[in-house]
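Geometric and topological summary
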Amino acid sequence: MDASYIGVLMPTLLQGTLQTLALFALTLVLALPLGLPFALGSNSKFLPLRWLSRTYVWVFRGTPLMLQLFFFYYGLGIMGIDLGQFPAAVLTFVLNYAAYFAEIYRAGIQSIDRGQHEAAKTLGFTPWKTMRYIIIPQAVARIIPPVCNETITLVKDTALVNVIGVAELLKAAKSAVNRDVNPTAYLLAAAIYLLLTFALTMLSQKLEKRFNRFERKDA
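In what follows, the accompanying structure is described.

A few words now on helix 7 (residues 169-180). The first and last C-alpha atoms of helix 7 sit 17 Å apart over 12 residues, in line with the 16 Å expected at 1.5 Å per residue. Those residues of helix 7 lying buried are Leu169, Ala172, Ala173, Ala176 and Val177. Projected down its long axis, helix 7 shows its buried positions confined to an angular sector of 130 degrees, all on one face. Turned more than 90 degrees off the buried face of helix 7, the exposed positions are Asn178 and Arg179. At the exit of helix 7 stands valine 181, carrying a positive phi of roughly 50 degrees.

As structure tokens, then:
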């Protein structure tokens, strides 16, 4: 590969990487907490809330992310609601990943022994305090691995937003390849994606070790 040509490509690719990282960060910051009320709603004894929460999770996990992107950008645009490319991408990713996180949270909460609910009730804890102070802290250690896996997948899924024109990393690489008829930009983009996923993999392994240590201490 020509070093001078790589030098020409890198500013555009790095700009695309910043868009990728912005979408990634906004999705995590908003989707991680949004998944919790839907997880709790899915386990609720209040039927309408349980039905609403499970329907939300079912719809967003059961339809392709790309189709959701088309709906929130093109579909809403046809109905006169123009969100813009990047806001539509953020909205789609937040709603989609919140559904996946909700299912992970729900499974983690249900994995806690039911006897702990009964013990907390005996001690006078309300259902909310039981969930907040006893169940959720224990569930956190169990949901770290699948949450980290979804986070790594999120980095790769950000490439999908190029279909609605967001100038993220893949779109920047594709534009360079189409312009110069040279695949170097694709190779550089692949290297950047690998670096990002490698960094997240290392971080997730450290988090898993830390929370596993706390879980063993609690046990």
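Turning our attention to helix 2 (residues 47-62). The first and last C-alpha atoms of helix 2 sit 22 Å apart over 16 residues, in line with the 22 Å expected at 1.5 Å per residue. Listing the buried residues of helix 2 in full gives Ser53, Tyr56, Val57 and Phe60. Seen end-on, helix 2 carries its buried residues on one side only, within an arc spanning 90 degrees. Exposed side of helix 2, more than 90 degrees from the buried face: Leu47, Trp51, Trp58 and Gly62 are the residues found there. On its buried side, helix 2 packs onto helix 1 (3-42), helix 3 (65-78) and helix 4 (85-110).

Before going further, it helps to examine the environment of phenylalanine 72. With respect to the helices and strands, phenylalanine 72 occurs in helix 3. In this structure phenylalanine 72 comes out as buried when scored by relative accessible area, which is 11%. Phenylalanine 72 sits 16 residues away from alanine 88 along the chain, and the two C-alpha atoms are 5.8 Å apart. Discounting chain neighbours no more than four positions away, the residues touching phenylalanine 72 are Phe60, Leu83, Ala88, Leu91, Thr92 and Leu95.

In contact at an axis separation of 8 Å, helix 4 and helix 6 (residues 127-157) are set at 140 degrees when each is read in the N-to-C sense. With respect to helix 6, the element helix 4 is oriented oblique. The interaxial crossing formed by helix 4 with helix 6 has right-handed handedness. Across from Phe93, Tyr97, Tyr100, Phe101, Ile104, Tyr105, Gly108 and Ile109 in helix 4, the residues of helix 6 making contact are Met131, Ile135, Ala139, Ile143, Pro146, Val147, Glu150, Thr153, Leu154 and Asp157. Of the residues belonging to the contact of helix 4 with helix 6, the class tally is 14 nonpolar, 2 polar and 2 charged.

Evaluation of the coordinates by the stated rule reveals 9 aromatic pairs. Both rings, one in tyrosine 56 and one in phenylalanine 60, keep their centres 4.9 Å apart while their planes meet at 45 degrees; by these two values the pair is tilted. Residue tyrosine 56 and its partner phenylalanine 60 are located together in helix 2, separated by 4 residues, close to a single helical turn. For phenylalanine 60, a relative accessible area of 12% translates into the label buried. Aromatic rings pair up to connect Phe93, Tyr97, Tyr100, Phe101 and Tyr105 into one cluster.

A few words now on the environment of threonine 201. Mapping threonine 201 onto the fold places it in helix 8 (residues 184-218). According to the relative accessible area criterion, threonine 201 is partly exposed, its value standing at 26%. C-alpha of threonine 201 to C-alpha of alanine 172: the two residues are 29 residues apart in sequence and 25 Å apart in space. Only 2.7 Å separates the side chain of threonine 201 from the backbone oxygen of threonine 197, close enough to count as a polar contact.

Moving on, we come to the nonpolar core. Core analysis: the biggest nonpolar cluster contains 51 residues, and Leu9, Leu13, Tyr56, Ala89, Phe93, Phe101 and Val161 have the highest contact counts within it. Every element with two or more residues in this core is listed here: helix 1, helix 2, helix 3, helix 4, helix 6, helix 7 and helix 8. Ignoring anything within four residues of it in the chain, the contact list for phenylalanine 101 reads Leu28, Ala31, Leu32, Val147 and Glu150. Ranked by size, the runner-up nonpolar core spans 7 residues in total, among them Ile109, Ile112, Ala120 and Ile134.

With that settled, the discussion passes to unusual backbone geometry. Positive phi, normally seen in glycine, also occurs at valine 181, with a value near 50 degrees. Mapped onto the secondary structure, valine 181 falls in the loop between helix 7 and helix 8.

Bringing the pattern of salt bridges into the picture now. If you walk through the whole model with that rule in mind, you get 2 salt bridges. For glutamate 103, the salt bridge is made with arginine 106, and the minimal N-O distance between the two is 2.5 Å. One end of the pair, glutamate 103, and the other, arginine 106, are both in helix 4, 3 residues apart, so they sit about a helical turn from each other. Put simply, aspartate 180 and arginine 179 hold a salt bridge, and the shortest N to O gap is 2.9 Å.

The rules we used
Residues numbered from 1 in each chain as written. Predicted model: local features only at pLDDT ≥ 70, side-chain atom pairs only at ≥ 80, totals over all residues. Heavy atoms only, no water. Helix = DSSP H or I, 4+ residues; strand = E, 2+ residues; numbered from the N terminus. Expected span 1.5 Å × (residues − 1). Buried < 20%, exposed > 50% of the residue type's maximum accessible area, 1.4 Å probe, protein only. Arc of directions from axis to C-beta. Contact = heavy atoms within 4.5 Å. Axes fitted to C-alpha atoms, helices over the stretch in contact; angles between N-to-C directions. Parallel < 35°, antiparallel > 145°, perpendicular 65-115°, else oblique. Left-handed = near helix turned anticlockwise from the far one by under 90°. Nonpolar A, V, L, I, M, F, W, Y, C, P; charged D, E, K, R; others polar. Phe/Tyr/Trp six-rings, centres within 6.5 Å; stacked < 30°, edge-to-face > 60°. Polar contact = N/O pair within 3.5 Å; in protein donor to acceptor, adjacent residues only side chain to side chain. Core = buried A, V, L, I, M, F, W, Y, C linked by side-chain atoms within 4.5 Å. Salt bridge = Lys/Arg side-chain N within 4 Å of Asp/Glu carboxyl O.

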